[in-house]
Protein chains: 2
Amino acid sequence: MTALEEDTRVARSRAAILQATARLLAESGFAGFSMDDVAHRAGVGKATIYRHWRSRAQLLIDVCASLDDPVPVPDSGDLRTDLVELLSHLQRVLQSSTTGPVIAALVEGAERDAELRRLRQSAVHQRREAFHAVLRRAVERGDLRAGTDVALTTELLVAPLFFRRLVSRARMDRAFVTAVVDAVLRS
Amino acid sequence: MTALEEDTRVARSRAAILQATARLLAESGFAGFSMDDVAHRAGVGKATIYRHWRSRAQLLIDVCASLDDPVPVPDSGDLRTDLVELLSHLQRVLQSSTTGPVIAALVEGAERDAELRRLRQSAVHQRREAFHAVLRRAVERGDLRAGTDVALTTELLVAPLFFRRLVSRARMDRAFVTAVVDAVLRS
């Protein structure tokens, strides 16, 4: 086997493992899936999985990264437009039948897995940065008053979407997203 | 055994079952506990459990009800005071080492258990009513403008607390609660 063929084979089994994990997480959550299940579903040996991921926590974090389709930080010059774009993306991610259950599994797993809690911190941090950048630019333009608490404002914006997905399980649409943005911008 | 003795015995085993369930949920989540575990931990037979609860979902809902220490709906005449009181109570419930993990288990369980989702609706409804009552009274007093969306306002108030408990796992204190109330009231 050439080095290129070997690379292709590795990439293919890696993709199969990530896809199998995403499906298993949706079916059984973090507590309900094992490396054995993943190996069986992906059609690979368990050793192949452990070559890439030492724990279920690492595997789950990589599944999140592989599903995440990061949008470029919007910069339309209009704060409301930028925030509606960022929140609409989050709404789609939370409601998608692929990514929604993986995020729910992440929340569930972090409840009892300290490694997962640690790994998740950096993932949360990245997402948050896009909101902070948009809000900071609005402060520079004078669209938000100086001294605006960008961290708190970000929490106020994203929290209602997580609440609907995880707690009340109410549907979300664009009208809801714009209502949240408008309410937070008024404050 | 007299009827009174029988009642006492039933009440005692019921309390033991609820307490054992709360502990097991904190340790293992909804996916990780079984009626067998509960029976073993509470020192009762499985038949005793099934006499009161036909499913894990019903048992979990009753654990929530038994841990819930409902506050009377505050009515100080001042909207901000009332909302800070309601949210502070929610903050304590979410951060408590007894109730916090049970709420997390409820979120996790509802992901895959349709019965639990149904049963939870009425529990969520009750909590929500206290906020709606406080907000409606403020509209009547003229402290909030007529036509205020009390449902959306309630979501904006409670969501950041659930977000911190379930997603970012950041600590919450009274300063955070008042910051949320003030931001939402400004809008």
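Everything below is about the structure printed above this text.
Residues numbered from 1 in each chain as written. Chains lettered and ligands numbered in written order. Predicted model: local features only at pLDDT ≥ 70, side-chain atom pairs only at ≥ 80, totals over all residues. Heavy atoms only, no water.

Participant: So, the overall build of chain A: which residues are in play, and what are the values?
Facilitator: If you tally the helices and strands in chain A, you get 9 helices and 0 strands. Dimensions along the principal axes, computed over C-alpha positions, put chain A at roughly 60 × 40 × 30 Å. For chain A, with 187 residues in total, the buried portion stands at 49%. For chain A, long-range pairs separated by at least 24 residues make up 63% of all intrachain contacts whose partners lie at least 6 apart in sequence. Within chain A, the 24 negative side-chain charges are centred at a point lying 4 Å from the centre of the 27 positive side-chain charges. (Helix = DSSP H or I, 4+ residues; strand = E, 2+ residues; numbered from the N terminus. Buried < 20%, exposed > 50% of the residue type's maximum accessible area, 1.4 Å probe, protein only. Contact = heavy atoms within 4.5 Å. Lys, Arg positive; Asp, Glu negative; His and termini not counted. Charge placed at Lys NZ, Arg CZ, Asp CG, Glu CD.)

Participant: Which residues make up the nonpolar core, and what values go with them?
Facilitator: Judged by nonpolar contacts, the single largest core of 70 residues is most densely connected at Leu 87 and Phe 162 of chain A together with Leu 87 and Phe 162 of chain B. With residues up to four places along the chain from it excluded, the contact list for Phe 162 of chain A reads Leu 90, Leu 94, Ile 103 and Val 167 of chain A together with Phe 163 and Val 167 of chain B. (Core = buried A, V, L, I, M, F, W, Y, C linked by side-chain atoms within 4.5 Å.)

Participant: Please set out the relation of the copies chain B and chain A residue by residue, giving values where relevant.
Facilitator: The two copies are related by a screw motion: chain B maps onto chain A through a turn of 180 degrees and a shift of 0.0 Å along the axis, at an RMSD of 0.0 Å. Those values place the two copies in the arrangement expected of a two-fold rotation axis. Among all residues of chain B, the minimum C-alpha distance to the rotation axis is found for Ser 187 of chain B, at 2.0 Å. Most of the interface of chain B is mirrored in chain A: 100% of its interface residues are interface residues there too. (Least-squares fit on C-alpha atoms with pLDDT ≥ 70 in both.)

Participant: Which residues make up the pattern of salt bridges, and what are the values?
Facilitator: Throughout the structure, instances matching the rule amount to 24 salt bridges over all chains. With its nearest N and O atoms 3.6 Å apart, the salt bridge here joins Asp 62 of chain A to Arg 14 of chain A. Placement of the pair is Asp 62 of chain A in helix H4 (residues 56-67) and Arg 14 of chain A in helix H1 (residues 3-28), with a sequence separation of 48 residues. For Asp 62 of chain A, a relative accessible area of 26% puts it in the partly exposed group. Judged by its relative accessible area of 31%, Arg 14 of chain A is partly exposed. When the shortest N-O distance is used, the salt bridge between Glu 111 of chain B and Arg 165 of chain A registers 2.7 Å. Taken together, the residues span two chains, with Glu 111 of chain B in the loop between helix H6 (99-110) and helix H7 (114-141) and Arg 165 of chain A in helix H8 (residues 150-168). This pair shows no difference in class: Glu 111 of chain B is buried, exactly as Arg 165 of chain A is. Sharing partners across several salt bridges, the network here consists of Glu 111 of chain A together with Arg 165 and Arg 169 of chain B. (Salt bridge = Lys/Arg side-chain N within 4 Å of Asp/Glu carboxyl O.)

Participant: Can you break down the interface of chain B and chain A residue by residue, with the values?
Facilitator: Residue-level contacts link 38 residues of chain B with 38 residues of chain A. Looking only at chain B, the three residues that lose the most surface to chain A are Glu 111, Arg 112 and Phe 163 of chain B, adding up to 18% of its buried area. On the surface where chain B and chain A come into contact, there are 8 salt bridges. Among the elements of the structure, helix H1 (3-28), H6, H7, helix H8 (150-168) and helix H9 (174-186) of chain B are those that each provide at least two residues to the side of chain B that touches chain A. Ranked by the residues each element gives to the side of chain B that touches chain A, the list is headed by H8 of chain B, at 13 residues. Of the residues assigned to the side of chain B that touches chain A, the class counts are 20 nonpolar, 5 polar and 13 charged. (Buried area = accessible area lost by both parts, 1.4 Å probe. Nonpolar A, V, L, I, M, F, W, Y, C, P; charged D, E, K, R; others polar.)

Participant: Can you lay out the environment of Arg 23 of chain B for me, pointing to particular residues and giving the numbers?
Facilitator: Residues and elements named next belong to chain B. With respect to the helices and strands, the residue Arg 23 is situated in helix H1. Residue Arg 23 is classed as partly exposed on the basis of its relative accessible area of 46%. Separated by 43 residues in sequence, Arg 23 and Ser 66 have C-alpha atoms that sit 13 Å apart.

Participant: Can you lay out the environment of Arg 118 of chain A for me, pointing to particular residues and giving the numbers?
Facilitator: With respect to the helices, strands and loops of the structure, Arg 118 of chain A is situated in helix H7 (residues 114-141). Remark: the alpha-carbon pair of Arg 118 of chain A and Ala 57 of chain A, spanning 61 residues in sequence, is separated by 9.6 Å.

Participant: Describe the environment of Val 167 of chain B, naming the residues involved and giving the relevant values.
Facilitator: Turning to its location among the elements, Val 167 of chain B is positioned in helix H8. Judged by relative accessible area, which is 7%, Val 167 of chain B ranks as buried. Spatially, the C-alpha atoms of Val 167 of chain B and Gln 19 of chain B are 26 Å apart, while their sequence positions differ by 148 residues. The residues touching Val 167 of chain B, leaving out its near neighbours within four places in the chain, are Val 107, Arg 120, Phe 162 and Leu 166 of chain A together with Phe 162 of chain B.

Participant: Requested: an account of the packing of H4 of chain A against H7 of chain A, with residues and values cited.
Facilitator: All names here are of chain A. Packing of H4 against H7 leaves a shortest axis separation of 9 Å and a crossing angle of 30 degrees. Here H7 runs roughly parallel to H4, going by the angle between their axes. Like other packed secondary-structure pairs, H4 and H7 cross with a definite hand, here right-handed. Of the residues in H7, those touching H4 at Ala 57, Gln 58, Leu 60 and Ile 61 are Glu 115, Leu 116, Leu 119 and Arg 120. Across the contact of H4 with H7, the residue classes tally to 5 nonpolar, 1 polar and 2 charged. (Axes fitted to C-alpha atoms, helices over the stretch in contact; angles between N-to-C directions. Parallel < 35°, antiparallel > 145°, perpendicular 65-115°, else oblique. Left-handed = near helix turned anticlockwise from the far one by under 90°.)

Participant: Which residues make up the side chain of Thr 153 of chain B, and what are the values?
Facilitator: Residues and elements named next belong to chain B. By the secondary structure assignment, Thr 153 is in helix H8. Overall, the relative accessible area of 14% leaves Thr 153 in the buried class. Apart from the residues within four sequence positions on either side, Thr 153 is in contact with Leu 135, Thr 148 and Val 184.

Participant: Residues and numbers for helix H5 (residues 79-95) of chain B, please.
Facilitator: Residue and element names in this part refer to chain B. Counted at 1.5 Å a residue, the expected span for H5 with its 17 residues is 24 Å, and the 24 Å between its end C-alpha atoms agrees. Among the 17 residues that make up H5, 12 are buried, leaving the element largely enclosed by the rest of the structure. Summarising the contacts, the buried residues of H5 are in contact with H6, H7, H8 and H9. (Expected span 1.5 Å × (residues − 1).)

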